[in-house]
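Coordinate analysis (summary)
For reference, the chains in residue letters:
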Amino acid sequence: MMGTTVSTNLGLIKPDSDESIKANMPTFAGWAAQNTINMDKIDALFRATTATYTLNWTADTTSPTLGAGGFTEGKFVRLWPRMVIGFYRINIGGAGATAGSGTYRFNLPVAPATEMTLTDDAVPIGRALFTDSSAVVSSSVFLASYRPSTGNMFFRAPSGAAFSDTLPVALGQNDTLSGYFIYPTAAP
Amino acid sequence: MAVTFTPNIGLAKPTESELAENWVNGPKLDEDNNLIIIDKMDVNLVSYTPTLISSGTQPNNGVGVEQGEYFEVQGFIFGLVTIPFLDPGVAAGTGGGGYGIKLPTLLDTSFHTVGTALTDVPGAASVIGEAYMRDSSSVNFSGPAAMDVVAVAGVHYGRLITETYTGKTSRFWEPGLPAIVATDDQITANFFYKKA
């Protein structure tokens, strides 16, 4: 008997001693073709292409509206390639900004692994800093969390309250949020 | 011979004729593939000195030994630092804005937003990590912080942005705030970012 087997995790082709010396034929791939498949699979594990994504800022009741100069920015990379690392920044902006109402939600660029849905509350995935442009004391550090029930990211202030139009303070013009997340995703 | 290579880490993909011709002896073929894979997987920790700075008279952590270590994966830096303060010689230094903790490499400024001074208002710069600040004499002034990044004289430094606490009058960890650093105080932090 001769032939090939495949490795457990990546499905890399492992030819036996007879198979390894076969040439490419119409009916089966020889080692050159098999090696190409293997190398492409291994190589794909090391891709680290960065990308931007549209960061949507919504809320449980009414979504906020960006004012003059306001923006949302999302960037991320996939490593190994199931680990997702992202960096984001938002600024509510000036004139015309409205805070909306309810707990704020933000989308993630890639769906987290299904194992992260086993909780009915939230999974911490990063940190963010909230800057109240009009007050130092209410500027703070938030815990970024993934909520499986909504599939979104939200934030908790040190008090435990979720970041909303009124917590930790009433959102004002030019308030900002900057942070990161890191989590595993399902499909490579 | 014109062997093709994979796009990310340059693994060789010889054709049948290239394989027959020179698989064992040619450059960038079987052995090189293995070495490349091993090199990419076997990532080493690198030590560096996470120098602490301020915008005025420089702080001094006394005989405490600051330590930093990092590793690189596909152009991303993952690191951690410890800065203990230990007498004799501990001094808070002076200056407005936050303390800066030297990062091991420059960041990719086309991917991250890097502030321009230790006094920058937080919020505009990228957040790249987190920290724990231990005040050995006060629970109130101990706690977590977020790390953003600013440039000072062409070097990139992490700043620690504090969470809300009673009586908070500064957005940063800075000389004198939230408390004057003293012996047995300690900063520990971790970070990750895309390097330049």
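Note that this is a predicted model, so its numbers are computed, not measured.

Criteria and thresholds
- Residues numbered from 1 in each chain as written.
- Chains lettered and ligands numbered in written order.
- Predicted model: local features only at pLDDT ≥ 70, side-chain atom pairs only at ≥ 80, totals over all residues.
- Helix = DSSP H or I, 4+ residues; strand = E, 2+ residues; numbered from the N terminus.
- Buried ≥ 20, exposed ≤ 12 C-beta atoms within 10 Å, placed from the backbone.
- Contact = placed C-beta atoms within 7 Å.
- Rg over C-alpha atoms; globule rule 2.2 N^0.38 Å.
- Domains from an automatic or database assignment.
- Nonpolar A, V, L, I, M, F, W, Y, C, P; charged D, E, K, R; others polar.
- Pairing = 2+ DSSP bridges.
- Core = buried A, V, L, I, M, F, W, Y, C linked by C-beta atoms within 7 Å.

A word on the overall build of chain A
Secondary structure summary: chain A contains 1 helix and 11 strands in total. Buried residues in chain A amount to 35% of all 188 residues. Summarising the internal contacts of chain A: among those between residues at least 6 apart in sequence, 62% fall at separations of at least 24.

Overview of the overall build of chain B
Looking only at helices and strands, chain B has 2 helices and 13 strands in total. By the compact-globule yardstick of 16 Å for 196 residues, chain B is too spread out, its C-alpha radius of gyration being 22 Å. Referenced to the eigenvectors of the C-alpha coordinate spread, the extents of chain B come out at roughly 75 × 35 × 25 Å. Here chain B holds 196 residues, and the buried ones make up 37% of them. In chain B, the proportion of contacts linking residues at least 24 apart, taken out of those at least 6 apart, comes to 62%.

Some thoughts on the domain arrangement of chain B
On domain assignment, one finds that chain B holds domain 1 (4–41) and domain 2 (46–194). Taking the mean C-alpha position of each, domain 1 of chain B and domain 2 of chain B sit 43 Å from one another.

Points about the interface of chain A and chain B
Contacts between chain A and chain B engage 37 residues on the former and 43 residues on the latter. Taken together, the residues of the side of chain A that touches chain B sort by class into 19 nonpolar, 12 polar and 6 charged.

Overview of the environment of Pro-59 of chain B
All names here are of chain B. Locating Pro-59 in the fold gives a position in the loop between β4 (52–53) and β5 (60–61). Along the primary structure Pro-59 and Leu-160 are separated by 101 residues, whereas in three dimensions their C-alpha atoms are 15 Å apart. Beyond its immediate stretch of four places on either side in the chain, Pro-59 contacts Leu-52, Ser-54, Ala-91, Ala-92, Gly-93, Tyr-99 and Pro-175.

Looking at the pairing of strand β11 (residues 143–152) of chain B
On a regular strand, each side chain points to the face opposite its neighbour's, so the side chains alternate between the two faces of the sheet. Residue and element names in this part refer to chain B. The pairing of strand β10 (residues 127–134) with β11 spans 6 bridges and is classified as antiparallel. Bridge pairing in β11 places Glu-130 opposite Ala-146. In the sheet, β11 pairs with strand β12 (residues 155–162) via 8 bridges, with the strands oriented antiparallel. Within the sheet, the bridge partner assigned to Ala-151 lies in β12 and is His-156. Where β11 folds back onto β12 in an antiparallel hairpin, the turn is made up of 2 residues, including Ala-153, whose phi is positive at roughly 50°.

Topic: the sheet that holds β10 of chain B
Strand pairing in a sheet relies on backbone hydrogen bonds. The paired strands run either parallel or antiparallel. All names here are of chain B. Reading across from one edge, β3-β6-β7-β13-β10-β11-β12-β9-β4 is the order of the 9 strands in this open sheet, with antiparallel pairing throughout. Since the sheet does not close on itself, it has two edges, and those belong to β3 (46–48) and β4, each with one partner. With 3 bridges connecting them, β3 and strand β6 (residues 67–73) associate as antiparallel partners. Among the inter-strand pairings, Tyr-48 is bridged to a residue of β6, identified as Gly-68.

Description of the environment of Ile-42 of chain A
Assignment of secondary structure puts Ile-42 of chain A in helix α1 (residues 31–45). Ile-42 of chain A sits in the buried class, given 20 other C-beta atoms within 10 Å. Put simply, Ile-42 of chain A and Leu-12 of chain A are 30 residues apart on the chain and 8.4 Å apart in space, counted from C-alpha to C-alpha. Residues within four places of Ile-42 of chain A in sequence aside, it is in contact with Leu-11 and Ile-37 of chain B.

A word on the pairing of strand β10 (residues 152–156) of chain A
All names here are of chain A. As defined by bridge partners, strand β9 (residues 140–147) adjoins β10 across 5 bridges and the pair is classed as antiparallel. Paired with Leu-143 across the bridge in β10 is Arg-156. Hairpin geometry of β9 and β10 is characterised by an intervening segment of 4 residues between the two adjacent antiparallel strands and by a positive phi of about 75° at Gly-151.

Thoughts on the environment of Ala-48 of chain A
Relative to the elements of secondary structure, Ala-48 of chain A occurs in the loop between α1 and β3 (50–53). Along the primary structure Ala-48 of chain A and Arg-78 of chain A are separated by 30 residues, whereas in three dimensions their C-alpha atoms are 5.9 Å apart. Apart from residues no more than four positions distant in its own chain, Ala-48 of chain A is found in contact with Val-77 and Leu-79 of chain A together with Gln-74, Gly-75 and Phe-76 of chain B.

Concerning the nonpolar core
Within the largest apolar cluster, 59 residues are counted, with the highest numbers of intra-cluster contacts made by Ala-128 and Phe-142 of chain A together with Ala-145, Met-147 and Leu-160 of chain B. With 5 residues, the next largest nonpolar core counts Ile-42 of chain A together with Leu-11, Ala-12 and Ile-36 of chain B among its residues.

Considerations on unusual backbone geometry
Most peptide bonds take the trans configuration, and most residues that are not glycine carry a negative phi. Residue Pro-88 of chain B is bonded to the preceding Asp-87 of chain B through a cis peptide linkage, with omega at 10°. Residue Pro-178 of chain B follows Leu-177 of chain B across a cis peptide bond; omega there is 0°. Mapped onto the elements, Pro-178 of chain B comes out in the loop between β12 and β13 (186–194). If you check the backbone angles, Asn-174 of chain A has positive phi at about 65° while not being a glycine.

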